[in-house]
Amino acid sequence: MTRQYFGTDGIRGEVGKFPIIPDFVMRLGYAAGRVLANHSETHAHGKPIVLIGKDTRVSGYLLEAALEAGFSAAGVDVMLCGPMPTPAVAYLTRTLRLSAGVVISASHNPYQDNGIKFFSANGDKLDDAVELEIEAALNEPMNCVDSAHLGKAKRLDDATGRYIEFCKSTFPTQLSLNGLKLVVDCAHGAAYHIAPHVFHELGAEVVSIGIHPNGKNINDGVGATAPKALIEKVKEEKAHLGIALDGDADRLQLVDHTGRLFNGDELLYLIAKARKEAGETVEGVVGTLMTNLAVEQAIQAEGIQFVRAKVGDRYVLEQLKEKGWLLGGEGSGHLICLDKHTTGDGIVAALQVLSAMKQSHQSLAELLQKVTLFPQTLNNVRYKAGYDWQSDTKLKDAVTAAEKELNGTGRVLIRASGTEPLLRVMVEAQNAQQAHDLAQKIGSVIPV
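Since the structure is predicted, the reported quantities are computational estimates derived from the model, not experimental observations.

Below, the discussion takes up the environment of Gly161. Looking at the element boundaries, Gly161 is found in helix 5 (residues 159-169). For the pair Gly161 and His436, spaced 275 residues apart in sequence, the C-alpha to C-alpha distance is 48 Å.

This is how it looks when you write it as structure tokens:
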């Protein structure tokens, strides 16, 4: 059975357009509730209980109410925790022994979009089999249990405090952030009332931006996808470091005192290297098809295995579990440390980097002096209807010619967009002009 609604990270779209409409979201809650009820023997509380968290989009109120109604109709109890980072919902679901967690968020997208993603009782993304069960249940009529068995809802009042303490627990107890001045950018998103407290309570002087959500300003000129505001604030405040999260706080970008931006690829290498130097066993690291070649080479130079997963933190996590490794991530800033959390967490990842800096008494630039990222050119080429790019011999020949010219000093990657008739043409080379020119050559053979 193929997926009809679920993508790699739940169900997402523009609010008011199918499937992000109240009727569908209520039916989704009912379908998910029925699937959970069928597995009721696994519930610690005797009946299914679901935690619902959200980011700060104005549409969160609407979708939360629709989900709650659907779960209640299926006889599932609901806990509401209000605005909460995606990884916080995963943590609270696991620690409270609940049946599932649901996050209402479109992550780094603008406020007009929203989405629904699920976590299992263990704080993991739902298994494919369970998602397919939910999709099958969506095709059945929506009914309602009798009044005596309707689900009830209550608010989890101490969710913020619980999660702040969890984040702090991932930082070594013998260290503190004393003496560090940090600018923390919360993207007017789900961590606005959490991240500044975590870093402050660990000893840092904290200057916060992006902490005034109004329902429409999430990710708007702030956060991990718009780091210019953070760079300017770090320089203005003469801070040691800037920390940027996205709207649901599962991705991270860092800025040093000079305004230099460090992406997820560099931070993944830094964390792996710091652990090895601390005497920990680091068998391997999982990146993606987009991970910079310089980072792959630097990780391997440390005697650490490196493999690439498909783009998406879901696939990184699959590879980590398959190999029994702990560290993985993407250049976008999704960083996974499975000995700290079950999913990617921007705050926890930032604390791993800060720990490495404190233990080594080195700056970010010093810790990453052996890594110089290869220039990458990424072009999105719209192709004509019916074009079969995988069988196009001209495209294959262009890619082969580019790879021959690179001669092992770069990479070519062609990926199709999952939502538009676009081919993403990425060329990575030691020389920026060469990367640009080769990407243009390859793109020119694609029929538009």
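We are not done yet, so read on.
Under the definition given, this model contains eight aromatic pairs. Both rings, one in Phe6 and one in Phe118, keep their centres 6.1 Å apart while their planes meet at 55 degrees; by these two values the pair is tilted. Taken as a pair, Phe6 in the segment before strand 1 (11-14) and Phe118 in strand 5 (residues 113-119) lie far apart in primary sequence, 112 residues in all. For the pair formed by Phe6 and Phe118, the shared burial category is buried. Ring centres of Tyr383 and Tyr387 lie 5.6 Å apart, and the angle between their planes is 55 degrees; this geometry places the pair in the tilted category. Tyr387 carries the same exposure label as Tyr383, and that label is buried. In this structure an aromatic cluster arises from ring pairing among Tyr5, Phe18 and Phe24. Sitting over the ring of Trp325, Lys323 keeps its end group 5.3 Å from the ring centre.

The antiparallel open sheet is built from three strands, whose spatial order is 16-18-17. One side of each edge strand has no neighbouring strand; the edge strands of this open sheet are strand 16 (376-382) and strand 17 (411-416). Pairs of neighbouring strands in the sheet enclose a mean axial angle of 15 degrees, with direction left out of account. Examined bridge by bridge, strand 16 and strand 18 (residues 422-428) share seven bridges and lie antiparallel to one another. Residue pairing for strand 18: Asn379 is matched across the bridge by Val425. Strands strand 17 and strand 18 of the sheet are contacted by helix 13 (residues 393-406), whose axis makes an angle of about 155 degrees with strand 17. The sheet strands contacting helix 14 (residues 432-444) are strand 16, strand 17 and strand 18, and the helix crosses strand 16 at an angle near 15 degrees.

Once that is clear, we can look at the environment of Leu327. If you trace the backbone, Leu327 turns up in strand 14 (residues 327-329). Distance from Leu327 to Gln352, taken between C-alpha atoms, is 11 Å for residues 25 residues apart in sequence. Setting aside chain neighbours within four positions, we find Leu327 in contact with Leu268, Ile271, Ala272, Arg275, Val282, Gly284, Val285, Val286, Leu320, Ile336 and Cys337.

Quick look at the packing of helix 13 against helix 14 now. For the pair helix 13 and helix 14, the least separation of the axes is 9 Å and the interaxial angle reads 165 degrees. The pairing of helix 13 with helix 14 is recorded here as roughly antiparallel in orientation. As for how helix 13 packs across helix 14, the hand of that crossing is right-handed. Seen from helix 13, the contacting residues are Leu395, Ala398, Val399, Ala402, Glu405 and Leu406; seen from helix 14, they are Gln434, Leu438, Lys441 and Ile442.

A few words now on the pattern of salt bridges. Under the defined criterion, the tally for this structure stands at 25 salt bridges. Residues Lys125 and Asp9 are paired through a salt bridge, measuring 3.1 Å at the closest nitrogen-oxygen approach. You can see Lys125 sitting in the loop between strand 5 and helix 4 (128-138) and its partner Asp9 sitting in the segment before strand 1, a full 116 residues away along the chain. Each of the two residues, Lys125 as well as Asp9, counts as buried. With a closest N to O distance of 3.0 Å, Glu428 and Arg411 form a salt bridge.

This paragraph deals with the nonpolar core. Counting residues in each nonpolar core, the largest one holds 69 residues, and the members touching the most others are Leu177, Leu182, Phe199, Ile347 and Leu354. Ranked by the residues each element gives to this core, the list is headed by helix 11 (residues 346-360), at nine residues. When sequence neighbours within four positions are dropped, the list of residues in contact with Ile347 reads Tyr163, Cys167, Ala191, Ile194, Ala195, Val198, Phe199, Leu245 and Ala249. Formed by 32 residues, the second largest nonpolar core is a distinct cluster that contains Leu28, Tyr30, Ala32 and Val35.

Basis of the calculations
- Residues numbered from 1 in each chain as written.
- Predicted model: local features only at pLDDT ≥ 70, side-chain atom pairs only at ≥ 80, totals over all residues.
- Heavy atoms only, no water.
- Helix = DSSP H or I, 4+ residues; strand = E, 2+ residues; numbered from the N terminus.
- Phe/Tyr/Trp six-rings, centres within 6.5 Å; stacked < 30°, edge-to-face > 60°.
- Buried < 20%, exposed > 50% of the residue type's maximum accessible area, 1.4 Å probe, protein only.
- Lys NZ or Arg CZ within 6 Å of the ring centre and 35° of its normal.
- Pairing = 2+ DSSP bridges.
- Axes fitted to C-alpha atoms, helices over the stretch in contact; angles between N-to-C directions.
- Contact = heavy atoms within 4.5 Å.
- Parallel < 35°, antiparallel > 145°, perpendicular 65-115°, else oblique.
- Left-handed = near helix turned anticlockwise from the far one by under 90°.
- Salt bridge = Lys/Arg side-chain N within 4 Å of Asp/Glu carboxyl O.
- Core = buried A, V, L, I, M, F, W, Y, C linked by side-chain atoms within 4.5 Å.

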